[in-house]
Amino acid sequence: MEAGALIIMFTLVMLFALLGLGAWATVKAVGAAKRGVDRTITQAKRTVEDTALKAKSIGQVGVPGSLAQLRLDLRTSMRTTQEALREGSRVDASLKESLVLFEQLSAHGRALDDELKRLEQEPDRARVAAALPDLRERVAKITQSADSLRWAARDRARRFAEDDLSTLSAQIEVESDALRDYASRRDPLDDLAEAAASWDAAAGPAAGPETGQGEQRQDARGQRGPSQTPALDAPAPAPQYPWQKSARPETTT
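Sequence positions are assigned chain by chain, starting from 1 and proceeding in written order. Whole-chain, interface and lining totals are the exception, using all residues; otherwise, since this is a predicted model, local features are given only for residues with pLDDT of at least 70 and side-chain atom pairs are given and counted only at 80 or more. Hydrogens are left out, water is left out, and the side-chain values use all remaining heavy atoms of the structure.

## A word on the nonpolar core
Our working definition: We call a set of buried residues a nonpolar core when its members are Ala, Val, Leu, Ile, Met, Phe, Trp, Tyr or Cys and they connect through side-chain atoms within 4.5 Å of each other. Relative accessibility thresholds used throughout: buried, under 20% of the residue-type maximum; exposed, over 50%; partly exposed, between the two (1.4 Å probe, protein chains only). Secondary structure elements follow DSSP: runs of H or I no shorter than four residues count as helices, runs of E no shorter than two count as strands, and numbering proceeds from the N terminus. A contact between two residues is defined here by any heavy atoms of the two lying within 4.5 Å.
The biggest cluster of nonpolar side chains holds 21 residues, and the ones touching the most others in it are Leu67, Met78, Leu112, Leu116 and Leu135. Mapped by element, the contributors of at least two residues to this core are helix H2 (63–89), helix H3 (95–120) and helix H4 (125–184). Sort the elements by how many residues they give to this core and H4 lands first, with eight residues. Ignoring any residue separated from it by four or fewer positions in sequence, one finds Leu116 in contact with Leu67, Leu70, Arg71, Leu135 and Val139.

## Quick word on the side chain of Arg150
Formally: Nitrogen and oxygen atoms within 3.5 Å of one another constitute a polar contact, given that in protein one can donate a hydrogen and the other can accept it, and given that sequence-neighbouring residues count only through two side-chain atoms.
Mapping Arg150 onto the fold places it in helix H4. Engagement of the side chain of Arg150 in a polar contact is seen with the side chain of Asp147, the distance being 2.8 Å. Not counting residues within four places of it along the chain, the set of residues in contact with Arg150 comprises Ser77, Thr80, Thr81 and Ala84.

## Description of the packing of aromatic side chains
We apply this condition: Two rings from Phe, Tyr or Trp (for Trp, the six-membered ring) form a pair when their centres are within 6.5 Å of each other. A pair whose planes differ by under 30 degrees is stacked, one over 60 is edge-to-face, and the rest are tilted. Lysine and arginine charges are scored as sitting over a ring when NZ or CZ, respectively, is within 6 Å of the ring centre and within 35 degrees of the ring normal.
One pass over the structure, following the stated rule, counts zero aromatic pairs. Cation over ring: Arg154 sits above Trp151, and NZ or CZ is 5.2 Å from the ring centre.

## Re H3
The following threshold applies: By definition here, a helix of n residues has an expected span of 1.5 Å times n minus one.
The end-to-end C-alpha distance of H3, which contains 26 residues, comes to 36 Å, matching closely the 38 Å that a straight helix rising 1.5 Å per residue would cover. What H3 keeps buried is the set Leu95, Ser98, Leu99, Phe102, Leu105, Ser106, Gly109, Leu112, Asp113, Leu116, Leu119 and Glu120.

## Quick word on the packing of H2 against H3
So the rule is basically this: To get an axis, a line is fitted to the C-alpha atoms, and for a helix only the part in contact is used. The angle between two axes follows their N-to-C directions and goes from 0 to 180 degrees. Here the angle decides the label: under 35 degrees means roughly parallel, over 145 means roughly antiparallel, 65 to 115 means roughly perpendicular, and every other value means oblique. By convention, the crossing between two helices is left-handed when the near helix turns anticlockwise from the far helix through less than a right angle, and right-handed when the turn is clockwise. Residues are grouped as follows: Ala, Val, Leu, Ile, Met, Phe, Trp, Tyr, Cys and Pro are nonpolar; Asp, Glu, Lys and Arg are charged; all remaining types, including Gly, are polar.
The N-to-C vectors of H2 and H3 enclose an angle of 160°; their axes lie 10 Å apart at closest approach. Taken together, the axes of H2 and H3 lie roughly antiparallel to each other. You can see that H2 and H3 cross each other, and the crossing is left-handed. Per-class residue counts for the contact of H2 with H3 are 13 nonpolar, seven polar and seven charged.

## Examining the pattern of salt bridges
Cut-off, in case you're wondering: Each reported salt bridge corresponds to a side-chain nitrogen of Lys or Arg within 4 Å of a carboxyl oxygen of Asp or Glu.
A complete count under the given rule lists eight salt bridges for this structure. Put simply, Arg71 and Glu120 hold a salt bridge, and the shortest N to O gap is 3.3 Å. Within this pair, whereas Arg71 is found in helix H2, its partner Glu120 is found in helix H3, the two being separated by 49 residues in sequence. According to the relative accessible area criterion, Arg71 is buried, its value standing at 2%. Glu120 sits in the buried class, given a relative accessible area of 13%. What emerges from the salt-bridge pattern is a single network uniting Arg71, Arg75, Asp113 and Glu120.

## Considerations on the side chain of Ser89
Positionally, Ser89 belongs in helix H2. If we ignore the near neighbours within four places in the chain, the residues touching Ser89 are Leu95 and Leu99.

Rendered as structure tokens:
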């Protein structure tokens, strides 16, 4: 009974753990999907708003066109710098400090963009026109700071790439020199093999005639005529004639 109760308790614990893990995974998946949807919506809104600002800056004149151009310049500089710093920080950890500074600058940029957006709805155009010089100066200060961070990050990445390329080129040159030196050196065994082959080629024709004459002399000494018979061959039997009497066998009596 105790063993059965332990098995049931263990099964329940595992079931609850699996259910909890499934719920946690579901919550994470839903959160990731929600963040993806929010990011997509934000990008879509930004694209639509930037397109509207471009249209206003081109199609309108006076205060509305100036406000739209200021907002467009500010948003373009901030977005480009943010993308450059985030992309560079993936391979260069030192840019994280630059990202912290940029986040502080972004707070001023968003506040100024909201102010410009409110001024677009301001009916007193004269008052807005009087504030335009100060607004241009503030936009220029923020965009110059953002541009400075962006170009510094790009220059740093370019220097790293150039240093890496120089180091790689030096390594390749050393390896190429080593390969050329190895190809120019000869193995002593190859030299010995070539010397032996040359000696055999030079000695072959000179030794050929003597060898042939020796073989001919040996053939002349050892050659036997067709009528010659070996010295150890048995003699041929004597011929039998009709008038000869045949030998009688000896009797035992």
